[in-house]
Amino acid sequence: MKRIYASIAFILICFTVSGIELGYISAKVENFTSLIENADNQMKKTNFEEAVNICTQTEEQWNNSVSAIDSFLIHDYVDKIGESISLMKTYAENCAPADYFAESKRAKKQLASIKESEYPIFENIV
């Protein structure tokens, strides 16, 4: 009987940790997507200085969050998102909107991809 209780407790712990991880990653993705969209809006207005400030803030927040995010996800995906955010900042500094928007789109797509990869659906389990 003790084994059954231990098994149930272990299953509950796994579900709890999985739920926390899913919530954490989802919140981070939403936060970073929102920051990128704010920078996008500034780039559309050709307010490059404000876009650079937002990109700098985004990059700093990403660097502060990367160790926790890395513990849940594959490092390559996380590194690619960090590179995209850095390139966005560089393109905004150089007043290159076409390159900026291409990189912005890539970063948002990568963020959406890591969020979707955490959902407990058949494709992600197999």
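Residues numbered from 1 in each chain as written. Predicted model: local features only at pLDDT ≥ 70, side-chain atom pairs only at ≥ 80, totals over all residues. Heavy atoms only, no water.

A. View of the environment of Phe72. Locating Phe72 in the fold gives a position in helix α2 (residues 48-72). As for Phe72 and Ile25, which are separated by 47 residues in sequence, their C-alpha atoms are 8.3 Å apart. Those residues within four positions of Phe72 in sequence are excluded, and the remaining contacts are Glu21, Tyr24 and Ile25. (Helix = DSSP H or I, 4+ residues; strand = E, 2+ residues; numbered from the N terminus. Contact = heavy atoms within 4.5 Å.)

B. Up close: the pattern of salt bridges. Going through the model one piece at a time under the given rule, you end up with four salt bridges. Across the pair Arg106 and Glu103 runs a salt bridge, and its minimum N-O distance is 2.6 Å. Of this pair, Arg106 and Glu103 both sit in helix α4 (residues 97-116), three residues apart, which is roughly one turn of that helix. Take Glu103: its relative accessible area is 5%, and that puts it in the buried class. (Salt bridge = Lys/Arg side-chain N within 4 Å of Asp/Glu carboxyl O. Buried < 20%, exposed > 50% of the residue type's maximum accessible area, 1.4 Å probe, protein only.)

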